[in-house]
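A closer look at the structure
Letter by letter, the chains look like this.
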Amino acid sequence: EQLGQVLLPLAEEFLKGKAGVESMEWWAHKRSGRGAGHQLHFDLDEVAVAEEGTYPHPLVSCVLYLQGCGGPTLVTDVRVGDEGTGGVAAKAKAFLCPPATGRLLLFSGDLMHGVCPCAAFDPAVPRTTLMIGLWPAGVRTAPASAPPLLGPNMTGAMPSAKVKKVKSAAGGQGASGNGKAAAAARGGEWRKLCVA
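Presented here is an overview of the structure given in this document.

Calculation notes
- Residues numbered from 1 in each chain as written.
- Predicted model: local features only at pLDDT ≥ 70, side-chain atom pairs only at ≥ 80, totals over all residues.
- Heavy atoms only, no water.
- Helix = DSSP H or I, 4+ residues; strand = E, 2+ residues; numbered from the N terminus.
- Polar contact = N/O pair within 3.5 Å; in protein donor to acceptor, adjacent residues only side chain to side chain.
- Contact = heavy atoms within 4.5 Å.
- Pairing = 2+ DSSP bridges.
- Axes fitted to C-alpha atoms, helices over the stretch in contact; angles between N-to-C directions.

Note on placement: threonine 76 falls in strand β4 (residues 73-79). Of note is the side chain of threonine 76, whose polar atom sits 3.2 Å from the backbone nitrogen of valine 78. Other than its neighbours up to four places away in sequence, threonine 76 contacts Lys93, Ala94, Leu111 and Met112.

Reading across the sheet, the four strands line up as β2-β7-β4-β5 and stay open at both edges, with antiparallel pairing between neighbours. The sheet terminates laterally at β2 (38-41) and β5 (94-97), the two strands that pair on one side only. Taken pair by pair, the neighbouring strands of this sheet meet at an average axis angle of 15 degrees, ignoring direction. As paired elements, β4 and strand β7 (residues 111-115) share four bridges and run antiparallel to each other. Across the sheet, the residue bridging to threonine 73 is valine 115, located in β7.

Quick look at the structure:
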């Protein structure tokens, strides 16, 4: 609930004109070693994909870097609903967010993203991240005993308290400043949000 109270004001810009956030899904990754990237993918309701052939996605996807090492997160402007991969992928724009301890990355939950492999790394310090998906009503969770296609999803209720408004600044293509910046993509525009 406390995490939701922090994230909702920061994600407010992405939530305009969309259904309200009803739940929060979270999972963690701890990766180390040469080439410890993660393939390009979409965050999806994997139960709906497997059972219905539909592709529901979170309203907002978030990455919290718990350790600032490893490869950068790559967020593209290719969306779940885009047709095929030819023309759209060939013209795609992308944003690289290098990891920094305490950095928070937010982006529209329908964007393709992944982690670039990293040649230089410290094997004693894994790339540790906490991912959070902010979902509308209707998302289903997969139990820990689900088939390999489905990963276990941990969901929590969103706080009922009112959220405070946070100012956001339109920015260029990149996160900068004191390592506490969060970059976010919405539509075809790239924006920066400051994280206190």
